[in-house]
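Commentary on secondary and tertiary structure
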Amino acid sequence: MKDLLKIFVFALVIIFGFAGYTRYGLPLIIPEAPPVEEKLSGDITMEQYIGIGDKIFNGKGTCTLCHSPVGGRAPLLDTIGSLALERLKDERYKGKATTGEEYILESLVDTSAFVVAGFGKTGTNDTVSPMPNVDKGAIGLSDVEMGAVIAYLQSIAGVEVTVALPSGDSSAMPEEEAPATIKLAESAAEAFIKFECTMCHIGPEIEEGGDMGPDLGGFAATAGSRKEGVSARAFVLESIMNPNAVIAEGFDADTMPDDYPARMTFAEFNLIADAILGVKNQ
Ligand code: HEC
Ligand code: HEC
């Protein structure tokens, strides 16, 4: 009898597993990339430093999650190197920066010091930025890494790069890592960071998060009753795989990335769904 029950449960897992799999085409396994074994040591040139900034901007900094032509979540930054000086003259500017370089740094570590018109958090009249401070939390860029990003932004804008090269101590240099997006997440906390949920949400297993999206803390309590005939888990699946199907009140459509079906494995989805729904795993 017990065995029969086990078989039954197993069959359910398979059926619902594959139902999700076929509906959203979640890949079951994404191969791991070979680790990049490049390590910087000793003195570097400005060109190399800018190259590191490029990699951080387009990689672990997750800047392009919001600063990209797709989605329109944040202003494009290809001219910020020169635009920064205009910002300082803006009558709404209340920050402490006096140079372009300082303005960009301030935009990274004190994001609400100046909020670009039209990009503030909904309902705050452009006084609160939805961008998380990137020297803290999941991204946690070091001063040297932020310097590299600023050098990169100045260089693509075609203005003089004013950032100083990091001093001789090579231990302060950022190590090059294999792209984190390819490694399979093994816990909910890892998955939330890997898929950048922490940039926009706070909630269970997210210690520090952004607020461009709703707080997922109370989601478990309401998920099962949000949509007629749709179970809590199915609603989570839809919310992540097809975010524009239902728009949470007070938030904008087209903000949450809609490419998770192509990037998230079914196992990773399950970790995330368990955490959001408060399902305890032993
Ligand atoms: C979760 C979305 C998000 C992420 C991730 C993000 N930003 Fe932003 N960023 C914004 C938004 C929205 C604004 C506009 C509001 C404001 O001025 O703060 C902004 C503003 C800025 C500005 C000021 C732009 C201006 O025109 O004055 C800079 C510079 C900037 N971000 C750099 C970065 C860098 C570098 C990263 C990565 C290390 C990053 N951002 C990551 C959303 C984001
Ligand atoms: C760039 C910001 C952003 C990122 C990254 C992001 N979200 Fe969202 N998310 C939003 C916004 C904005 C909403 C509200 C609008 C909507 O319902 O689509 C939302 C809605 C949701 C909802 C529905 C909440 C409700 O009350 O209806 C869930 C669940 C959710 N996100 C989970 C996630 C998970 C899990 C991840 C990572 C795999 C993630 N989000 C990544 C911005 C984001």
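Preceding this paragraph is the structure being described.
In this report, the structure presented in the accompanying data block is examined. Here the structure is a predicted model, which is why all the values come from computation and not from measurement. (Residues numbered from 1 in each chain as written. Chains lettered and ligands numbered in written order. Predicted model: local features only at pLDDT ≥ 70, side-chain atom pairs only at ≥ 80, totals over all residues. Heavy atoms only, no water.)

**Brief notes about the packing of helix H2 (residues 46-58) against helix H5 (residues 143-157)**
- The interhelical angle for the contact between H2 and H5, taken along N-to-C directions, is 100°, at an axis separation of 7 Å. Considering the angle they form, H2 stands roughly perpendicular to H5. Residues Met46, Tyr49, Ile50, Ile52, Gly53, Asp54, Ile56, Phe57 and Asn58 of H2 form the contact with H5, whose participating residues are Val144, Glu145, Gly147, Ala148, Val149, Ala151, Tyr152, Leu153 and Ser155.
- Residue composition of the contact of H2 with H5, by class: twelve nonpolar, four polar and two charged. (Axes fitted to C-alpha atoms, helices over the stretch in contact; angles between N-to-C directions. Helix = DSSP H or I, 4+ residues; strand = E, 2+ residues; numbered from the N terminus. Parallel < 35°, antiparallel > 145°, perpendicular 65-115°, else oblique. Contact = heavy atoms within 4.5 Å. Nonpolar A, V, L, I, M, F, W, Y, C, P; charged D, E, K, R; others polar.)

**Description of the site of ligand 2**
- Inspection of the region around ligand 2 gives 27 residues, with Cys197, Cys200, His201, Arg226 and Met256 positioned closest.
- The separation between an oxygen atom of ligand 2 and a polar main-chain atom of Pro243 is 3.0 Å.
- Within the backbone of Ala248, an N or O atom sits 2.9 Å from an oxygen atom of ligand 2.
- Of the residues that constitute the shell around ligand 2, the class distribution is 19 nonpolar, four polar and four charged. (Near = heavy atom within 4 Å. Polar contact = N/O pair within 3.5 Å; in protein donor to acceptor, adjacent residues only side chain to side chain.)

**Describing the packing of aromatic side chains**
- According to the stated counting rule, one finds seven aromatic pairs in the structure shown.
- Look at Phe195 and Tyr260: their rings are 5.9 Å apart centre to centre, the planes differ by 85°, and that puts the pair in the edge-to-face class. Remark: Tyr260 occurs in helix H9 (residues 260-263) and Phe195 occurs in the loop between helix H6 (188-194) and helix H7 (219-222); sequence separation between them is 65 residues.
- Classification of Tyr260 as buried rests on a relative accessible area of 4%.
- Within the aromatic cluster, the residues linked to one another by ring pairs are Tyr93, Tyr103 and Phe114. (Phe/Tyr/Trp six-rings, centres within 6.5 Å; stacked < 30°, edge-to-face > 60°. Buried < 20%, exposed > 50% of the residue type's maximum accessible area, 1.4 Å probe, protein only.)

**Examining the coordination of the iron atom of ligand 2**
- Distances from the iron atom of ligand 2 to its protein donors, His201 (NE2) and Met256 (SD), fall at 2.0 to 2.2 Å.
- Coordination geometry of the iron atom of ligand 2: the six donor atoms subtend angles of 88 to 179° at the metal centre, consistent with an arrangement described as octahedral. One end of the pair, His201, is in the loop between H6 and H7; the other, Met256, is in the loop between helix H8 (232-241) and H9, with 55 residues separating them in the sequence.
- By relative accessible area, which is 11% here, His201 ends up buried. (Donors = N, O, S within 2.8 Å, 3.2 Å for Na, K, Ca; no water. Tetrahedral: all angles 85-135°; square planar, octahedral: opposite > 155°, others 65-115°.)

**Brief notes about the pattern of salt bridges**
- Using the criterion set out here, one finds eight salt bridges in the structure.
- The partner of Glu268 in a salt bridge is Lys194, with the nearest N and O atoms 2.6 Å apart. A residue pair is termed long-range when its members are at least 10 positions apart, and Glu268 in helix H10 (residues 266-277) and Lys194 in helix H6 qualify at 74 residues.
- Owing to a relative accessible area of 0%, Glu268 belongs among the buried residues under this scheme.
- Taking the shortest distance from any N to any O, the salt bridge between Glu238 and Lys227 comes out at 3.0 Å. Taken together, the positions of Glu238 in helix H8 and Lys227 in the loop between H7 and H8 put the pair eleven residues apart, joining distant regions of the chain.
- Residue classification places Lys227 among the partly exposed positions, given a relative accessible area of 29%. (Salt bridge = Lys/Arg side-chain N within 4 Å of Asp/Glu carboxyl O.)

**Description of unusual backbone geometry**
- For Asp126, which is not a glycine, the phi torsion comes out positive at approximately 60°.
- The partly exposed category is assigned to Asp126, whose relative accessible area is 22%.
- For Glu205, which is not glycine, the phi dihedral falls at a positive 70°.
- Position of Glu205 relative to the elements: it lies in the loop between H6 and H7.

**Focus: the site of ligand 1**
- The environment of ligand 1 is made up of 30 residues, and the closest members are Cys63, Cys66, His67, Tyr103 and Met131.
- Contact distances for ligand 1 include 2.8 Å between a nitrogen atom and a side-chain N or O atom of His67.
- Mapped by element, the contributors of at least two residues to the shell around ligand 1 are helix H3 (80-89) and helix H4 (100-109).
- Among the elements that make up the shell around ligand 1, the one with the highest residue count is H4 (four residues).
- Residue composition of the shell around ligand 1, by class: 22 nonpolar, six polar and two charged.

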